[in-house]
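One-letter residues, chain by chain:
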Amino acid sequence: MAAVCPLHIAFCCCAGVLPERIIAMADQRYAADTTAPGCDYLVRLPAGRTPRILQLTDMQVIDATQQRYSGRLNEKEVVCWAPENADAECYGHIRSLVAQTNPDLIFITGDIVYGEFDDSGRSLEQFCAFMNGLCIPWAPVFGNHDNESARGVAWQCDLLESGEYCLFRRGNVTGNGNYTVGISVGGRLCRVLYMMDSNGCGGGTDPALCRAAGFAPDQVAWLRTRGEAVGQAGNIPGTVAFHIPTSDFLLAARSCGYETEDTKRNYVIGVDAPARNGDFGCRREMHSAFASPEGFRDAMRAARVDGVFVGHDHAINTSVLWQGIRWTYGFKTGQYDYHIPGHMGGTLVTLNPWATPGALPDNSESAPFTVRHVPALTLYGPFPNGI
């Protein structure tokens, strides 16, 4: 599909934070807009537009020619994950998703590349070039594998921050990539995405990394503070996006009757247990999560968060409403690394800017947003790691 560059993006800077790169980009291409308090960026849409946001997650691009350790990949993986197969394994999937969903914004919940297989940085460079070539604003966070690359996290952050359509800020709290993206319709701010780094890159050696998975206290405080700043514009709902799930996802599944004490039990919501409140999805592996940090839910309440989106667990794609928040695992994007055959694509979030404030995100017509997984309609190449 030929990319058509949208003309609806503006960048705004938080009061007192005026990074030169953002100002230069805004001056060159869009008028700066500082009317969205608490926002690092603003995606501005025309009046009457129903915003469509596409989540991609866990592309985990592997370049088999960059094996750091001999024998790390088996013979089949070496063939399938050769660089010339990247289109069949990943990029063709994304093009299919964009053609199907026509998104106004794309957000990525980590593991763009498998850093251990990208010590040169070529895979991340190619991915960024591909995404910027779509001419659609995209907002990424890192996963636990991205920062394994020998190029280092500072180089990766600089690459993302230099992208023509990439909305990324390294931030000034723990982690690398804590920032906000506002969405306005007809000049009215209607939602803010809080992008957060869940850390946990145990295989990385860069001293700038937080190797333990989870949010540090200053990240939780950042979420609260930003949420309060956004509140100056009114009762603006929020969405939080990060890579590794919190334990809230397991609690949600158990509280709603989908998950049992038998941690090895797999299930499909609506088949193995009755679906509630528009819930859906399947579980084909155990949850891999970190404990929800102290004050995190309180900070989400301060930011009026009603949706949380993660990745990390390639074989879980459930979306569950619990305690007024929809907890969604994104549909794994692309065929690299392990996955459920046929369960690959993206997750479409359709906003309802005219919803009643405080309405439950129950996937109904009156909900503040709806969520559905979108399979990539593309010819799958050979892949070795289906489960």
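Below or above, wherever it landed, is the structure these notes cover. Since this is a predicted model, take the numbers as computed values, not measurements. (Residues numbered from 1 in each chain as written. Predicted model: local features only at pLDDT ≥ 70, side-chain atom pairs only at ≥ 80, totals over all residues. Heavy atoms only, no water.)

Examining the overall build of the protein chain
When you go through the protein chain residue by residue, the secondary structure sums to eight helices and 15 strands. Looking at the protein chain as a whole, 60% of its 387 residues are labelled buried. Sequence-distant contacts in the protein chain: of pairs separated by 6 or more residues, those separated by 24 or more amount to 73%. When the accessible area of the protein chain is evaluated, it comes to approximately 14,500 Å², of which 53% is carbon and sulfur surface. (Helix = DSSP H or I, 4+ residues; strand = E, 2+ residues; numbered from the N terminus. Buried < 20%, exposed > 50% of the residue type's maximum accessible area, 1.4 Å probe, protein only. Contact = heavy atoms within 4.5 Å. Areas by Shrake-Rupley, 256 points an atom, 1.4 Å probe, with all protein chains shown as cover.)

A word on the nonpolar core
In this structure, Ile-94, Ile-106, Phe-127, Met-131 and Trp-138 are the most contacted members of the largest nonpolar core, which totals 68 residues. Of all the elements, helix α3 (residues 86–101) adds the most residues to this core, at six residues. Sequence-distant contacts of Ile-106, defined by excluding residues within four places in its chain, comprise Leu-54, Leu-56, Val-98, Met-131, Leu-134, Ile-136, Pro-137, Trp-138 and Ala-139. (Core = buried A, V, L, I, M, F, W, Y, C linked by side-chain atoms within 4.5 Å.)

Thoughts on the sheet that holds strand β4 (residues 105–109)
Reading across the sheet, the five strands line up as β5-β4-β3-β14-β15 and stay open at both edges, with mixed pairing between neighbours. Only two strands of the sheet have a single neighbouring strand rather than two, namely β5 (138–141) and β15 (369–375). Across the sheet, the axes of successive neighbouring strands diverge by a mean angle of 20 degrees, strand direction being ignored. The pairing of strand β14 (residues 345–351) with β15 spans seven bridges and is antiparallel. By the bridge assignment, Gly-345 is partnered in β15 with Pro-375. Sitting on the sheet, α3 touches β3 (52–56), β4, β14 and β15, and the angle it makes with β3 is about 160 degrees. (Pairing = 2+ DSSP bridges. Axes fitted to C-alpha atoms, helices over the stretch in contact; angles between N-to-C directions.)

Details of the state of the cysteines
Under the defined criterion, the tally for this structure stands at zero disulfides. With no disulfide partner, Cys-128 has as its closest neighbouring cysteine sulfur the one in Cys-166, 6.0 Å distant. (Disulfide = S-S within 2.5 Å.)

Focus on the pattern of salt bridges
All chains considered together, the criterion is met by 13 salt bridges. Close ionic contact of Asp-40 with Arg-226 constitutes a salt bridge, the shortest N to O distance being 3.1 Å. One end of the pair, Asp-40, is in the loop between α1 (20–29) and β2 (41–45); the other, Arg-226, is in helix α6 (residues 217–230), and 186 residues separate them in sequence. Across this residue pair, the class does not change: Asp-40 and Arg-226 are buried. A single salt-bridge network, built from bridges that share partners, covers Asp-40, Arg-169 and Arg-226. (Salt bridge = Lys/Arg side-chain N within 4 Å of Asp/Glu carboxyl O.)

So, the side chain of Asp-58
Following the sequence through the fold, Asp-58 ends up in the loop between β3 and α2 (75–80). Buried within the structure, Asp-58 lacks any salt-bridge partner; its nearest side chain of opposite charge belongs to Lys-332, at an N-O separation of 6.3 Å. A distance of 2.6 Å separates a polar atom in the side chain of Asp-58 from a polar atom in the side chain of Thr-57. At 3.2 Å, the side chain of Asp-58 forms a polar contact with the side chain of His-314. (Lys, Arg positive; Asp, Glu negative; His and termini not counted. Polar contact = N/O pair within 3.5 Å; in protein donor to acceptor, adjacent residues only side chain to side chain.)

Limitation: the analysis is restricted to geometry and does not speak to function.
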